[in-house]
Amino acid sequence: MKLTIHSGTNQIGGCITEIESGGYKVFIDFGEQLPGTEVKELSLIVGLTGGDISKSALFITHYHGDHIGKICDTVADLPIYVGKTALDIFKCLETRLTHIPDRKEAEKHKRIVERIETINTFEPLQKIIIGKITVTPLLVDHSAFDAYMFVIEADNKRILHTGDFRGHGFRSKGLMPTLKAYARNIDYIISEGTNIQRTNDKIKTENELQRDFISYFRKYKYNFVLASSTNIDRLFALYHAAKKTSRCFVCDSYQAKILKIVSKNHKQYTKFYDIDFNQTKSPVGRFFELKRQGQNPFSFDGKLKLYLERHGFCMLIRSNEAFKPLLEEYSKLNDTKIYYSMWDGYLDKNKPAFNEILYNFLEPYNVKNMHTSGHADSKTLKAIFETVKPKSGIIPIHTEAPEKFEELFHQQASIIFLRDGEVFDVK
Ligand SMILES: [Zn+2]
Ligand SMILES: [Zn+2]
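Keep in mind it's a predicted model, so treat the numbers as computed, not measured.

What counts and what doesn't
One numbering rule holds for all chains: residues counted from 1, following each sequence as written. Going through the entries in the order they are written, you letter the chains from A and number the ligands from 1. Predicted model: local features are reported for residues with pLDDT of at least 70 only, side-chain atom pairs are reported and counted for 80 or more only, and whole-chain, interface and lining totals are derived from all residues. To obtain the side-chain values, all non-hydrogen atoms of the structure were used and water was disregarded. In these notes, a set of buried Ala, Val, Leu, Ile, Met, Phe, Trp, Tyr and Cys residues joined through side-chain atoms within 4.5 Å is what counts as a nonpolar core. In this scheme, a residue with accessible area under 20% of its type's maximum is buried, one over 50% is exposed, and one in between is partly exposed, where area comes from a 1.4 Å probe on protein chains only. Only DSSP runs of H or I covering at least 4 residues are called helices, and only runs of E covering at least 2 are called strands; the numbering of each starts at the N terminus. Domain extents, as shown, originate in an automatic or database domain assignment. When checking whether two residues touch, look at their non-hydrogen atoms; a contact exists if any pair is within 4.5 Å. Only nitrogen, oxygen and sulfur atoms count as donors, using a 2.8 Å cut-off from the metal that widens to 3.2 Å for Na, K and Ca. Water is left out, so coordination shells may look unfilled. Key to geometry: four donors with every angle between 85 and 135 degrees are tetrahedral; four donors are square planar and six octahedral where opposite donors lie over 155 degrees apart and all remaining angles lie between 65 and 115; all other sites are irregular. Only protein atoms enter the 1 Å grid used here, on which a cavity is any set of points holding a 1.4 Å probe that cannot leave and a pocket is any open set flanked by protein within 12 Å on both sides along at least five of seven lines; residues with an atom within 4 Å of a point are listed as lining. Grid points are joined across faces, edges and corners, and a volume is the space filled by probe spheres set on the points. Each residue is assigned to one of three groups, with Ala, Val, Leu, Ile, Met, Phe, Trp, Tyr, Cys and Pro labelled nonpolar, Asp, Glu, Lys and Arg labelled charged, and all others, Gly among them, labelled polar. When DSSP finds two or more bridges between a pair of strands, those strands are recorded as paired. To define axes, lines are fitted to C-alpha atoms, for helices over the stretch in contact only, and angles between the resulting N-to-C directions are given on a 0 to 180 degree scale. Here the quantity called buried area is the total loss of accessible area, with a 1.4 Å probe, experienced by two parts when brought into contact, counted for both. Salt bridges are counted wherever a side-chain nitrogen of Lys or Arg sits within 4 Å of a carboxyl oxygen of Asp or Glu. Any pair of nitrogen or oxygen atoms within 3.5 Å is treated as a polar contact; in protein, a donor-acceptor pairing is required on top of that, and neighbouring residues in sequence qualify only through side-chain atoms on both sides.

## As for the nonpolar core
Inference 1: Counting 59 residues, the largest nonpolar core has Leu-58, Ile-71, Phe-213, Val-225, Ile-232, Phe-249 and Leu-259 as the members making the most contacts within it.
Inference 2: Per-element tally for this core: the top contributor is helix α6 (residues 232-244), with 8 residues.
Inference 3: Two domains share this core, each providing at least three of its residues, namely domain 1 (2-198 + 374-425) and domain 2 (206-369).
Inference 4: Residues within four places of Phe-213 in sequence aside, it is in contact with Val-225, Arg-234, Leu-238, Ala-241, Tyr-339, Ser-341 and Met-370.
Inference 5: If you look at the next biggest cluster of nonpolar residues, it comprises 28 residues, including Tyr-81, Tyr-148, Ile-395 and Val-426.

So this is what it looks like as structure tokens:
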């Protein structure tokens, strides 16, 4: 068995992993580099972007752009595998992006939507066999829904690829039991290390964050939250926070569509994903979908305005013109609070990922930052290494500081530093 990290040994995002056995190849993730990072030209990767693909497949850990964004750069017939609900959400997101004004970008998203039609889906723990290689997806908690680690098995060797994951989400309770049950006898862990440099910060749990939202919603009547439309557990937490404080929950049709996908596929497993979209049951905490008429911005009028102002609301917003007039109107009131619930790096002029549109949109207002990371802290990384006990080593990826692994985890296993493109013989 041979292992190659084509990209991602010393950067966050854009990781490409290849595992080869007897001519068969499994690739894991093929996404964009994060905005602002130095663009590296990738040379041809046989079995992924060119050459013979008859013995290859690409597995995607989750739908974040840095893991899935380059699927159109694969050879057209290459089989791609993604989690079922993850694919539904990704399709919804990409379909919306085909309508953006930038025509070149819109075209790119159209091609992605076409490619999505050819993608295969899997369920948690469904074993998929690619010739001599077996891949088993393990469901994990991340800021993307329906995200996976993979156990890859061939030549009597077993590798665990962590993808992006964390230990402080609502669904993280399952992490250690899942690893204990299905990640036994592992030789190597290929591990993400996004937060490895944040050794002293205590990371807030999603649960704690939700409690903070609840206390704010009690205090403020008109709550506007700017969060990622695909950070599903955050959005459902906001829905429940609104319901608990008898505030209405308001979002646009695109966001409602995504919430409906998750609700439909998952409410039978947990009430957390059960939204009463028609709100026939309770007079408070009602769900409202804002429907946009053409290019007109959203507005409340008549009975809806009276109702929302009587009960107060939590509204999910996006940095576009449609929401601007509502923000302008309500930001003048003392009863209003605006929250930014995404990574603060997008608003930091000194960070390469700085997003000017987002910054300008929020700039006029007094905004409260309310967020927690989608990635594991070092304590969680240590705990998974101690649980899995990889026999031969840990390979850091998705990190800007791979050397930190040596400092923090040398007692757990030997740390193997690979260079991008280096072929590693798995023995
Ligand atoms: Zn990532
Ligand atoms: Zn991610």
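## Quick look at the coordination of the zinc ion (ligand 2)
Inference 1: With distances of 2.2 to 2.4 Å, the protein atoms coordinating the zinc ion (ligand 2) are His-62 (NE2), His-64 (ND1), His-142 (NE2) and Asp-164 (OD).
Inference 2: Around the zinc ion (ligand 2) sit 4 donor atoms; with metal-centred angles ranging over 88 to 168 degrees, the donor geometry is irregular.
Inference 3: Between the two metals, the zinc ion (ligand 2) and the zinc ion (ligand 1), the spacing is 3.5 Å, and Asp-164 donates to both. Linking His-62 in the loop between β4 (56-59) and α1 (65-68) with His-142 in the loop between β8 (133-140) and β9 (147-154), this pair joins segments that are 80 residues apart in sequence. A single burial state applies to His-62 and to His-142, both of which are buried.

## A word on the layout of surface pockets
Inference 1: Quantified by volume, the second largest pocket comes out at close to 400 Å³.
Inference 2: Taken together, 21 residues line the second largest pocket, and the ones lying closest to its centre are Pro-124, Leu-139, Asp-146, Arg-171 and His-266.
Inference 3: Of all the elements in the fold, those that place two or more residues in the lining of the second largest pocket are α2 (84-97), β8, α4 (175-182) and α7 (253-266).
Inference 4: When grouped by side-chain class, the residues that make up the lining of the second largest pocket number 9 nonpolar, 7 polar and 5 charged.

## Quick word on the sheet that holds strand β10 (residues 157-161)
Inference 1: The sheet built from 6 strands is open, its strands ordered β7-β8-β9-β10-β11-β18 with mixed pairing. The sheet terminates laterally at β7 (128-130) and β18 (393-397), the two strands that pair on one side only. The sheet shows a mean angle of 20 degrees between the axes of neighbouring strands, taken without regard to direction.
Inference 2: Running at roughly 160 degrees to β8, α4 makes contact with β8, β9 and β10 of the sheet.

## What to know about the coordination of the zinc ion (ligand 1)
Inference 1: At the metal site, the zinc ion (ligand 1) is ligated by Asp-66 (OD), His-67 (NE2), Asp-164 (OD) and His-398 (NE2), and these contacts range over 2.1 to 2.2 Å.
Inference 2: Coordination at the zinc ion (ligand 1) is irregular: its 4 donor atoms span angles of 83 to 165 degrees at the metal.
Inference 3: Taken in chain order, the donor set of the zinc ion (ligand 1) reads D-H-x96-D-x233-H.
Inference 4: Relative accessible area serves as the criterion here: at 2%, His-67 is assigned to the buried category.

## What to know about empty space enclosed by the protein
Inference 1: Summed over the entire model, instances satisfying the criterion amount to 1 cavity of 30 Å³ or more.
Inference 2: A volume near 30 Å³ is recorded for the largest cavity.
Inference 3: Contributing to the lining of the largest cavity are Val-225, Ala-227, Leu-235, Gln-255, Leu-316, Ile-317 and Arg-318.
Inference 4: Looking at the lining of the largest cavity, the elements with two or more residues in it are β12 (222-227) and β15 (313-317).
Inference 5: Class assignment of the residues belonging to the lining of the largest cavity gives a composition of 5 nonpolar, 1 polar and 1 charged.

## Some points on the sheet that holds β15
Inference 1: The sheet built from 6 strands is open, its strands ordered β14-β13-β15-β12-β16-β17 with parallel pairing. Bordering the open sheet on either side are β14 (287-290) and β17 (367-369), each of which pairs with just one other strand. Direction aside, neighbouring strands of the sheet carry axes that sit 25 degrees apart on average.
Inference 2: The pairing of strand β16 (residues 336-341) with β17 spans 3 bridges and is classified as parallel. Across the sheet, residue Tyr-339 finds its bridge partner in β17, namely Lys-368.

## Notes on the domain arrangement of the protein
Inference 1: In terms of domains, the protein is made up of domain 1 (2-198 + 374-425) and domain 2 (206-369).
Inference 2: In this complex, domain 1 contributes 19 residues to the contact, which on the side of domain 2 involves 21 residues.
Inference 3: Here domain 1 meets domain 2 over a buried area of about 1700 Å², counting both sides, of which 64% is carbon and sulfur.
Inference 4: Among the residues domain 1 hides against domain 2, the three largest losses belong to Cys-92, Phe-145 and Phe-170. Together they make up 35% of the total.
Inference 5: Run the count over domain 1 and domain 2 and you get 1 salt bridge.
Inference 6: Arg-166 serves as the salt-bridge partner of Glu-206, at 2.9 Å between the closest nitrogen and oxygen.
Inference 7: If you look at where domain 1 meets domain 2, you find 7 residue pairs in polar contact (both at pLDDT 80 or more).
Inference 8: For the side of domain 1 that touches domain 2, a count of residues per class yields 8 nonpolar, 5 polar and 6 charged.

## Observations regarding unusual backbone geometry
Inference 1: Of note, the phi angle at Leu-125 is positive, near 70 degrees, even though the residue is not glycine.
Inference 2: Mapped onto the elements, Leu-125 comes out in the loop between β6 (120-122) and β7.
Inference 3: Overall, Leu-125 belongs to the partly exposed group, its relative accessible area being 36%.
Inference 4: One non-glycine residue, Ser-246, lies in positive phi territory at about 60 degrees.

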